[in-house]
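Notes for the structure review
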Amino acid sequence: MQQINHYINGAHSEISERSGPVFEPATGEQKASVSLASAAEVAGVIELAKKAHTSWSQVSPLNRSRVLFKFKALVEHNIDELAELITREHGKVLDDAKGEIIRGLEVVEFACGIPHLLKGEHTEQVGGGVDAWCVNQSLGVVAGISPFNFPVMVPMWMFPIAIAAGNTFIMKPSEKDPSSVMRLAELLTEAGLPDGVFNVINGDKEAVDTLLSHKDIQAVSFVGSTPIAEYIYETASKHGKRVQALGGAKNHMLLMPDADIDQAVGALMGAAFGSAGERCMAISVVLAVGDSGDALVEKLLPQIAALRVGNGVTPEMDMGPLISAQHLAKVNSYVDTGVAEGASLLADGRQLSVADHEQGYFLGGCLFDNVTPEMTIYKEEIFGPVLAIVRVKDYAEALALINEHEFGNGTAIFTQSGEAARHFCHHVQVGMVGVNVPIPVPMAFHSFGGWKRSLFGPLHMHGPDGVRFYTKRKAITARWPKSNDAKAEFVMPTMK
Ligand code: NAD
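Residues numbered from 1 in each chain as written. Predicted model: local features only at pLDDT ≥ 70, side-chain atom pairs only at ≥ 80, totals over all residues. Heavy atoms only, no water.

In this section: the pairing of strand β14 (residues 283–289). Summarising burial for β14: 7 of the 7 residues are buried, a large majority. Relative to β14, strand β13 (residues 251–255) runs parallel, the two being bridged by 5 bridges. In the strand pairing of β14, M253 is matched with V286. A crossover connection joins β13 to the parallel β14 through helix α10 (residues 261–273); in handedness this β-α-β unit is right-handed. Bridging between β14 and strand β17 (residues 386–392) involves 5 bridges; their strand directions are parallel. Looking at the pairing, V286 lines up with I389 of β17. (Buried < 20%, exposed > 50% of the residue type's maximum accessible area, 1.4 Å probe, protein only. Helix = DSSP H or I, 4+ residues; strand = E, 2+ residues; numbered from the N terminus. Pairing = 2+ DSSP bridges. Right-handed = clockwise from strand over helix to strand, strands pointing away.)

Read from one edge of the open sheet, 3 strands run β6-β7-β23, paired in antiparallel fashion. Looking at which strands have only one partner, the edges of the open sheet turn out to be β6 (121–127) and β23 (471–479). For this sheet, the mean angle separating the axes of adjacent strands, direction not counted, is 25 degrees. (Axes fitted to C-alpha atoms, helices over the stretch in contact; angles between N-to-C directions.)

All right, on to the domain arrangement of the protein then. Looking at the assigned domains, one finds that the protein contains domain 1 (2–247 + 454–476) and domain 2 (251–435). Each of domain 1 and domain 2 was reduced to a C-alpha centroid, and the two centroids are 31 Å apart. Facing 21 residues of domain 1, the contacting portion of domain 2 comprises 23 residues. Together, the buried faces of domain 1 and domain 2 total about 1900 Å²; carbon and sulfur atoms form 61% of this surface. (Domains from an automatic or database assignment. Contact = heavy atoms within 4.5 Å. Buried area = accessible area lost by both parts, 1.4 Å probe.)

What follows is about helix α11 (residues 292–305). Taking 1.5 Å per residue, 14 residues should reach 20 Å; α11 reaches 21 Å between its end C-alpha atoms and fits that length. Within the sequence span of α11, burial applies to S292, G293, L296, V297, L300 and I304. Contact partners of the buried residues in α11: β13, α10, β14, β15 (344–347), β16 (366–369) and β17. (Expected span 1.5 Å × (residues − 1).)

Following the UniProt record, the feature "domain: Aldehyde dehydrogenase" (unreviewed entry) maps to residues 18–476 here. The annotated region residues 18–476 carries 41% helix and 23% strand content, and the separation between its end C-alpha atoms amounts to 49 Å. (UniProt positions renumbered as here; feature names shortened; annotations may be inferred.)

Here we take up the site of the ligand. Close to the ligand lie 25 residues; K172, E175, S225, G247 and E381 are nearest. K172 places a polar side-chain atom, nitrogen or oxygen, 2.7 Å from an oxygen atom of the ligand. Relative to its unbound accessible area of 840 Å², the ligand is 88% covered by the protein chains. Elements with a minimum of two residues in the shell around the ligand: α8 (205–213) and β11 (217–223). Residues of the shell around the ligand, tallied by class, amount to 13 nonpolar, 8 polar and 4 charged. (Near = heavy atom within 4 Å. Polar contact = N/O pair within 3.5 Å; in protein donor to acceptor, adjacent residues only side chain to side chain. Areas by Shrake-Rupley, 256 points an atom, 1.4 Å probe, with all protein chains shown as cover. Nonpolar A, V, L, I, M, F, W, Y, C, P; charged D, E, K, R; others polar.)

Attention now moves to the pattern of salt bridges. Under the defined criterion, the tally for this structure stands at 30 salt bridges. Between E84 and R88 there is a salt bridge, with the nearest N and O atoms lying 3.1 Å from each other. Of this pair, E84 and R88 both sit in helix α3 (residues 79–90), 4 residues apart, which is roughly one turn of that helix. Residue E84 is classed as partly exposed on the basis of its relative accessible area of 35%. According to the relative accessible area criterion, R88 is partly exposed, its value standing at 26%. Of the charged contacts, one joins R473 and E121 as a salt bridge, the two residues approaching to 3.5 Å between their closest N and O atoms. On the criterion of sequence distance, the pair formed by R473 in strand β23 and E121 in strand β6 is long-range, its members being 352 residues apart. One continuous salt-bridge network, built from bridges that share partners, spans R18, D204 and E206. (Salt bridge = Lys/Arg side-chain N within 4 Å of Asp/Glu carboxyl O.)

Quick look at the structure:
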């Protein structure tokens, strides 16, 4: 059995006292055992990362970015291996795994511009013979805690900018699929990153709680479910840290009667069922305005029936398994609840069996029609291949539903009306909005984040917000007085 430990100070560490299982979701077999760090082990890593910060923060931004240029080339060279590591532990199909690596690499490319991004502001002559300027400096040791569903992309939303800005980093990946980030750590070392600048600690609540409360952790970036995001935000804030904590989602597509229905259905199939619906930007609800619902159902059903579901390493698959037996049981129980609460189950993926993979955690595409806002399957995040159609009479009713929902991560409108699209962009209470774009994940040079209970904290992730999050500002005011200019002043200084 493969044993996965930690990556500390540029090398793989010893095994911890406690371990947890890592499964291959397509077969249901345990493929590895992962060390779960103790509080003392995490504290040791924080201490060495603090020492590493002393020298790393003094490396010029240009030389820090050169390490990231080499890292980018290494990731590209090893992309097939990395994608397979993702697929074996997460289940998503190989091309989708490559897609997430490429989206992560875009943040590396952005971070390579750190010499420009760190530049401060300078004002000459703010007063007679006085100049003022601001610099952006690193924070120290910062931590990242990531979910299972993007084992490479989400860590890459965090660490490239953090280390480019001169911080040292401790990554705590999901204990369900830790291998790909361990490989990234090796590639960073190969790229010339000094030991101790990027460390991976595998673990569970004990490791996380140590990061949240330790005095030498300056900032915490978190992505995961809403209850844990809220806990992370409250706990780390209480301990005086900067926090950005991204949570769950329930993303709505608003389908107007004038939309190009074939384009909308194509977009919806990928957005609802890609990665088996285990994306924080997956569309899980369609608000079908007017009579658009009938055409939608008619076109969706054959495409759902034609979904190719199987082992993600097999070419030509559309959808792999869910992450775990527990999660499969949870999603199945949501489908049961939807039926019990009176929604019409038009496509039922529960009976799916994948040949030679009978123990895998597979669920076929599910489609509910006539879902209402009171139903559990409307209110809660399911995080599986289950799409709900809510019929609404008009645009205003649809917009109100989106704005009243607890979550506000992503949304999309499909329409040919510029007027409706513009109104939607302006009035919708959601952090990321698509117009005829189903999964509007912002590019790396913009920032990613939801509203309402999809994000706790003021700053979004990566892009300009990422640079702000991982740096602190220092304002300097200076003058070079003549020696005979030494008179004491007892009033509040003002500029002459
Ligand atoms: P999760 O909240 O269960 O776990 C996320 C991380 O928190 C993991 O590293 C886990 O080890 C740790 N953790 C879990 N329970 C903890 C506890 N009690 N105390 C301390 N740490 C704990 O999330 P998940 O199931 O891995 O990921 C799926 C969730 O992530 C979904 O809700 C999805 O919407 C969300 N997500 C959000 C975004 C976004 O950008 N908003 C992106 C990806 C995933």
